[in-house]
Amino acid sequence: MRERLEALRDEALAKVAVAKDVKALQDVRVAYLGKKGPITEVLRGMGKLSAEERPVIGQMANDVRDAIKVQVELKEKELEAAAIEKQLANESIDVTLPGRPVQGGSTHPLTQVVEEVEEAFLGLGFSVAEGPEVEVDYYNFEALNLPKDHPARDMQDSFYFTEELLLRTHTSPVQARTMELHKGKGPVKVICPGKVFRRDDDDATHSHQFMQIEGLFVDENVRMSDLKGVLEQFAKSFFGEDRQIRLRPSFFPFTEPSVEVDVSCGMCGGKGCRVCKQSGWIEVLGAGMVHPRVLEMSGFDSTKYSGFAFGMGVERLAMLKYDIDDIRHFYTNDIRFLAQFKRV
Ligand code: 2U9
């Protein structure tokens, strides 16, 4: 009996040692320790043993059973650990693998120019104001001293929804609305960037939709010399410190007096070239002192307050700054064009 138990133990432990997986291990456990297994059989046959042999063999059978149990458990842990190791090795990610390149976008050149102009005027104490693109007749025309029969109100030039409602033809209504909000009290110091719309046939220099930036400064004692100083500072900060400006008389219904503002040509430094058509100067802005009637209509006492206003086309600024020959490039979204304006 003793030899049989020792043989069973050695046989079972040998099988445990070579078990390849948890399933094989379970088979060994069932085969040797199960209810129908040989150890149980030995324990059942104890009754047939002599009184001296019974405790010795009983103890030995228990020891063999425990030894097999312990080895099965150890092997089980070993196999589980190996299985986890294998899974980890299979599922590991190579973090050194380079990512797939993603094509980055870029800020639209018109947005970049608006941001640069805003930057220049914020530095001069202006804030930015915005307003609706669908505008009522009053703010787009009436409040700007453009009476009902004025040629700029012609159906040919504006996109009307109804007799009272249209796509704004300039950003000036934003200034009129801003003045109204100030209820006759200065200072008002804003720039108004935004989209505007005019019935026009598109070509290299015209677009039915374009962008403007207009500015307005209303306070006591605002003079033409303030306008000149502010625009000179702007020209230097947007185009370069070496630039000069000059004013030429002009006419706008909302300003009196009115001027056209030229900036010295950056291509030739003022000597004359193809860009400035040999004049040394490039027309960039319109401006003037706010018409007293416009001040009054938006609630300002024109005997106490004065102001200056100016306006410029964003596409024209961008075309001058980057030497772009066709305004339609801004609206056709050709990636080859847009990608040239990636900011670093
Ligand atoms: C208020 C009072 C005055 C805005 C002004 C201009 C001169 C001007 C054009 C330049 C090129 C528009 O884009 S463009 O075609 N603008 O010349 N704009 S003064 O004057 C205002 C506006 C609002 C209440």
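Residues numbered from 1 in each chain as written. Predicted model: local features only at pLDDT ≥ 70, side-chain atom pairs only at ≥ 80, totals over all residues. Heavy atoms only, no water.

A look at the pattern of salt bridges
Worth spelling out the cut-off: Counted as salt bridges are all cases of a side-chain nitrogen of Lys or Arg within 4 Å of a carboxyl oxygen of Asp or Glu. For each residue, the accessible area found with a 1.4 Å probe, counting protein chains only, is set against the maximum for its type, and the residue is called buried under 20%, exposed over 50%, and partly exposed in between. Helix and strand assignments follow DSSP, with helices taken as H or I runs no shorter than four residues and strands as E runs no shorter than two, numbered in order from the N terminus.
Under the counting rule described, the total for this entry stands at 16 salt bridges. Residue Arg65 is joined to Asp66 by a salt bridge in which the shortest nitrogen-to-oxygen separation is 3.8 Å. Looking at Asp66, the relative accessible area reads 35%, which means it is partly exposed. A salt bridge links Glu115 to Arg343; the nearest nitrogen and oxygen atoms lie 3.0 Å apart. You can see Glu115 sitting in helix H5 (residues 109-122) and its partner Arg343 sitting in the segment after helix H12 (335-338), a full 228 residues away along the chain. By relative accessible area, Glu115 is classed as partly exposed at 34%.

Digging into a nonpolar patch on the surface
Note the following rule: Residues forming no salt bridge and having over 30% relative accessible area are the ones grouped into patches, like charges within 9 Å of each other and nonpolar side chains (Val, Leu, Ile, Met, Phe, Trp, Tyr) within 5 Å. The protein chains shown are the only cover counted for residues, whose accessible areas, like all others here, come from Shrake-Rupley with a 1.4 Å probe.
Together, Val134, Val136, Phe161 and Leu165 make up an exposed nonpolar region whose accessible area comes to about 300 Å². Its location among the elements puts Val134 in strand S2 (residues 134-136). Among the residues examined, Val134 registers a relative accessible area of 38% and is labelled partly exposed.

Some details on unusual backbone geometry
The omega torsion across Gly186 and Pro187 is -5 degrees, close enough to zero to call that bond cis. Examined against the element boundaries, Pro187 turns out to sit in the loop between helix H7 (172-181) and strand S4 (188-197). Located in the positive-phi region is Asn145, a residue other than glycine, with phi close to 65 degrees. Turning to its location among the elements, Asn145 is positioned in the loop between helix H6 (137-140) and strand S3 (165-167).

Some thoughts on the packing of aromatic side chains
Counted only if it meets this: Only Phe, Tyr and Trp rings are paired, with Trp represented by its six-membered ring, and only when their centres lie within 6.5 Å; those with planes under 30 degrees apart are stacked, over 60 edge-to-face, the remainder tilted. Charge-over-ring contacts are defined here by two conditions on Lys NZ or Arg CZ: a distance within 6 Å of the ring centre and an angle within 35 degrees of the ring normal.
Scanning the model with the defined rule gives 14 aromatic pairs in all. Here Phe126 and Phe310 contribute two aromatic rings whose centre-to-centre distance is 6.3 Å and whose plane-to-plane angle is 75 degrees, an arrangement assigned as edge-to-face. You can see Phe126 sitting in the loop between H5 and strand S1 (127-128) and its partner Phe310 sitting in strand S9 (residues 306-313), a full 184 residues away along the chain. For Phe126, a relative accessible area of 3% translates into the label buried. A residue is classified by how much of its surface remains accessible, and Phe310, at 3% relative accessible area, is buried. Taken together through their ring pairs, the aromatic side chains of Phe121, Phe126, Phe217, Phe234, Phe238, Phe239, Phe308 and Phe310 make up a single cluster. Positioned over the ring face of Phe238 is Lys321, at 4.2 Å from the centre of the ring.

Let's talk about the site of the ligand
Rule in force here: For this description, a residue counts as near a given molecule or strand if any of its non-hydrogen atoms is within 4 Å of it. Definition of a polar contact: a pair of N or O atoms within 3.5 Å, with one able to donate and the other able to accept a hydrogen when the atoms are protein atoms, and with sequence-neighbouring residues admitted only if both atoms are side-chain atoms. Asp, Glu, Lys and Arg are counted as charged, while Ala, Val, Leu, Ile, Met, Phe, Trp, Tyr, Cys and Pro are counted as nonpolar; the rest, among them Gly, fall into the polar class.
Contacts to the ligand come from 19 residues, most closely from Gln175, Gln212, Phe252, Gly286 and Gly311. Within the contact set of the ligand, an oxygen atom lies 3.0 Å away from a side-chain nitrogen or oxygen of Gln212. For the ligand, whose accessible area on its own is 560 Å², the fraction buried by protein is 88%. Put simply, the parts of the chain that give the shell around the ligand at least two residues each are H7, strand S5 (209-219), strand S8 (281-290) and S9. A class-by-class count of the residues in the shell around the ligand yields 11 nonpolar, seven polar and one charged.

Some thoughts on the environment of Gly269
Relative to the helices and strands, Gly269 is located in the loop between strand S7 (255-264) and S8. Separated by 32 residues in sequence, Gly269 and Ser237 place their C-alpha atoms 16 Å apart.

Looking at the domain arrangement of the protein chain
Threshold: Domain start and stop positions are those given by an automatic or database domain assignment.
What the domain assignment reports for the protein chain is domain 1 (2-90) and domain 2 (109-341). Using C-alpha coordinates to define each centre, domain 1 is positioned 95 Å away from domain 2.

Regarding the sheet that holds S9
The condition is simple: DSSP-based pairing: two strands are paired if at least 2 bridges between them are found. Should any heavy atoms of two residues lie within 4.5 Å, those residues are considered in contact. Axis geometry follows a simple rule: fit a line to the C-alpha atoms, using only the stretch in contact for helices, then measure angles between N-to-C directions, giving values from 0 to 180 degrees.
Taken in spatial order, the seven strands of this open sheet run S1-S4-S5-S9-S8-S7-S6, and their pairing is mixed. This sheet does not close on itself; its edge strands, each paired only once, are S1 and strand S6 (245-252). Examined bridge by bridge, S4 and S5 share 10 bridges and lie antiparallel to one another. What sits directly across from Val188, in S5, is Val218. Running over the sheet, H5 touches S1, S4, S5 and S9 and is turned about 170 degrees from S4.

What to know about the side chain of Ser258
Topologically, Ser258 is positioned in strand S7. With relative accessibility at 4%, the residue Ser258 sits in the buried group. Side-chain polar atoms of Ser258 contact the backbone nitrogen of Phe252, separated by 3.1 Å.

A look at the UniProt feature "binding site: Mg(2+)" (unreviewed entry) in the protein chain
For clarity, the threshold we go by: UniProt positions are given in the numbering used here, feature names are shortened, and annotations may be inferred rather than shown by experiment.
According to UniProt, the positions carrying the feature "binding site: Mg(2+)" (unreviewed entry) are Glu256. Locating Glu256 in the fold gives a position in strand S7. Here Glu256 falls in the partly exposed class, since its relative accessible area comes to 45%. In this structure Glu256 touches Met289 and His291, once residues within four positions along its chain are discounted.

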